[in-house]
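# A look at the structure
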Amino acid sequence: MVDVGGKAATERRAVASGRITMGPDVLAAIREGNAPKGDVLSAARIAGIMAAKRTGELIPLCHPLGLEAVNIDFAYEADAIRVTATASLTGKTGVEMEAMTAVSVALLTIYDMAKALDKGMVIEGVRLIAKSGGKSGDWKALA
């Protein structure tokens, strides 16, 4: 693990995003709450938050962090659901991995909850959108 002992604690925030593509019938079932396993997005939100909190256990050499906030948002697109996660804390290391882990697990949960309707769903584009705080300062993805 990288030694962060001498670093100053600063406010840190990271935003990550990804999407899962699916057919219109699956999208409609999720939107209407008619998926076989129940409320897909509520389960995905909880799963994403839980995953962010456990990132230090999942990713080798990743520091365990005391997150102050994790938010998971969903947006319906023409053929997909986009998941955006925001993680934040005041600490000595960034929260990029926590935000990306939250997105990944939320997307996997959507797949699991709706796979009875469509096993061909595709998870794609998981990436960091923005981060702030720390020695390297602010960063934003280009388009």
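Data block above holds the structure.
Right, let's walk through the structure included here. None of these values were measured; they are calculated from a predicted model.

Attention now moves to the packing of aromatic side chains. In this structure the tally under the stated criterion is 0 aromatic pairs. Between Arg31 and the ring centre of Tyr76, over which it is positioned, the NZ or CZ distance is 4.0 Å.

Here we take up the nonpolar core. Among the nonpolar cores identified, the biggest contains 31 residues, and Met22, Ile30, Ile72, Phe74, Ile81, Val83 and Ile110 are the most heavily contacted of them. Broken down by secondary-structure element, the contributors of at least two residues to this core are β1 (10-21), α1 (24-32), α2 (40-53), β2 (69-76), β3 (80-91) and α4 (96-114). Here this core gets 8 residues from one element, more than from any other, and that element is α4. Residues in contact with Val83, not counting those within four places in the same chain, are Ala16, Ser17, Gly18, Ile72, Asp73, Phe74, Val103, Ala106, Leu107 and Ile110.

All right, on to unusual backbone geometry then. The phi dihedral of Leu61 falls on the positive side, at around 65°, and the residue is not glycine. Mapped onto the fold, Leu61 is located in the loop between α3 (55-58) and β2. Given a relative accessible area of 67%, Leu61 falls into the exposed group.

Reading guide: rules and limits
- Residues numbered from 1 in each chain as written.
- Predicted model: local features only at pLDDT ≥ 70, side-chain atom pairs only at ≥ 80, totals over all residues.
- Heavy atoms only, no water.
- Phe/Tyr/Trp six-rings, centres within 6.5 Å; stacked < 30°, edge-to-face > 60°.
- Lys NZ or Arg CZ within 6 Å of the ring centre and 35° of its normal.
- Core = buried A, V, L, I, M, F, W, Y, C linked by side-chain atoms within 4.5 Å.
- Buried < 20%, exposed > 50% of the residue type's maximum accessible area, 1.4 Å probe, protein only.
- Helix = DSSP H or I, 4+ residues; strand = E, 2+ residues; numbered from the N terminus.
- Contact = heavy atoms within 4.5 Å.

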